[in-house]
Amino acid sequence: MPAPERIPAGRLSAMESAAEPAAPLPGPARPQDPPAAAPEPAGDPAAALLAEGELTVRGRIQEASNAVLYCTVALDGRSAACVYKPVAGERPLWDFPDGTLAQREVAAYEISRACGWDLIPPTVLRDGPYGTGMVQEWIDPPESSDEVPELLALVEDEEPGPGWKAVGLAQIGEGRTALLVHADHPRLRRLAVLDAVINNGDRKGGHLLPGADGEFFAIDHGVTFNAEDKLRTLLWGWAGEPLTDEALEVLRGLQRALEEDRPLAARLAELITDAETGALRARVAGLLRSGRHPEPSGEWPAIPWPPV
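Rules and cut-offs
Residues numbered from 1 in each chain as written. Predicted model: local features only at pLDDT ≥ 70, side-chain atom pairs only at ≥ 80, totals over all residues. Heavy atoms only, no water. Helix = DSSP H or I, 4+ residues; strand = E, 2+ residues; numbered from the N terminus. Buried < 20%, exposed > 50% of the residue type's maximum accessible area, 1.4 Å probe, protein only. Contact = heavy atoms within 4.5 Å. Expected span 1.5 Å × (residues − 1). Axes fitted to C-alpha atoms, helices over the stretch in contact; angles between N-to-C directions. Parallel < 35°, antiparallel > 145°, perpendicular 65-115°, else oblique. Left-handed = near helix turned anticlockwise from the far one by under 90°. Nonpolar A, V, L, I, M, F, W, Y, C, P; charged D, E, K, R; others polar. Salt bridge = Lys/Arg side-chain N within 4 Å of Asp/Glu carboxyl O. Core = buried A, V, L, I, M, F, W, Y, C linked by side-chain atoms within 4.5 Å.

**Q** Explain the overall build of the protein chain to me, and be specific about the residues and the numbers.
**A** Summing up its helical and strand segments, the protein chain has six helices and 12 strands in all. Per-residue burial over the protein chain gives 50% buried out of 308 residues. When contacts within the protein chain are restricted to residue pairs at least 6 apart in sequence, those whose partners lie at least 24 apart make up 70%.

In structure tokens:
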């Protein structure tokens, strides 16, 4: 489809050597209230490797607003690349308690896994060289740019072309506007539902990483699970439309999994507050009652800035 400008997919990059890190990380040295011990990985071999393997820092990713370290993890002859976000490197936010972003990232993975959609790379909470933090499997980019799915674009047309959904008009400089669109992609639609469930306050284009075989994965879920409505996303193209039968079935299963004394509820209790878990249950119930994708509330900016 013709497009004067493209929104880059973005990925973690621009690392500097940090094999022997010595300088303090930005943010508090330790959170005021240390996070609770992480729950055991739920039967996921990749998560078990991340949680139990020897974590070695290889570099620091400069583009991130919080401290993000590129690492390797090794255990019993197996190894993998990963990202480590120590709680000590989290910058304070006015609307989230200090030192809680790592737990929220893990909670988002747990919900994604419970949905069966495999949208978020395996993610655990564990100790590391800079203390407790989130550790997530690294997603290698495809070998060929032809394998990178085109998910977001700015177009000069008034309406989206076939296979695309309109988000809204965007300023692109020199008094020009363009239509922001995203792909009408089933995996992207599942992500829109997941974001509504976890109350994602920052779904940007740069948080979608291309993987192998035309797949993509979602990252950066630190500003999620707030008890207040914080949904900000580029994926409003389905707003107000009926949820798919698949999504409704998944939400019904998730509602059962979130009941008291169920394993998922117990895991979340170690990661987010009771009030946030209650709000999570309410969001799932609300989606099932309406049977539709949510629409912007008008009480909170609907699109994150910058969008990439």
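Picking up where we left off.
**Q** Hey, could you go over helix H3 (residues 186-198) for me, with residue numbers and the actual values?
**A** The end-to-end C-alpha distance of H3, which contains 13 residues, comes to 19 Å, matching closely the 18 Å that a straight helix rising 1.5 Å per residue would cover. Those residues of H3 lying buried are Arg187, Leu188, Arg189, Leu191, Ala192, Val193, Leu194, Asp195, Ala196, Val197 and Ile198. Within two residues after H3, Asn199 carries a phi angle of roughly 60°, on the positive side.

**Q** Can you lay out the packing of helix H2 (residues 101-115) against H3 for me, pointing to particular residues and giving the numbers?
**A** Between H2 and H3, whose axes approach to 11 Å, the crossing angle comes to 130°. Relative to H3, the element H2 lies oblique. In the crossing of H2 with H3, the sense of the turn from one axis to the other is right-handed. Of the residues in H3, those touching H2 at Ala108, Ile111 and Ser112 are Leu194, Val197 and Ile198. Each residue belonging to the contact of H2 with H3 can be placed in one class, and the counts come to five nonpolar, one polar and no charged.

**Q** Give me the environment of Leu280: which residues, what numbers.
**A** Its location among the elements puts Leu280 in helix H6 (residues 274-290). On the basis of relative accessibility, which here comes to 0%, the residue Leu280 falls in the buried class. Remark: the alpha-carbon pair of Leu280 and Ala196, spanning 84 residues in sequence, is separated by 9.5 Å. Ignoring any residue separated from it by four or fewer positions in sequence, one finds Leu280 in contact with Ile111, Val197, Phe225, Leu258 and Leu268.

**Q** Let's hear about the pattern of salt bridges: which residues, and what values?
**A** Inspection of the entire model under this criterion finds 14 salt bridges. Glu276 is paired through a salt bridge with Arg104; the nearest N and O atoms lie 2.8 Å apart. With Glu276 in helix H6 and Arg104 in helix H2, this residue pair connects regions lying 172 residues apart in the sequence. The class for Glu276 is buried, based on a relative accessible area of 8%.

**Q** Quick rundown of the nonpolar core? Include the residues and the values.
**A** By size, the foremost hydrophobic cluster in this structure holds 72 residues, and its most contacted members are Ile111, Leu188, Leu191 and Val197. Ranked by residue count, the leading element in this core is H3, at eight residues. The contacts of Val197, once residues within four sequence positions are left out, are Ile111, Leu251, Leu254, Leu280, Arg283, Val284 and Leu287. One finds Ile61, Tyr70, Val83 and Trp138 within the second-largest nonpolar core, a separate group that totals five residues.

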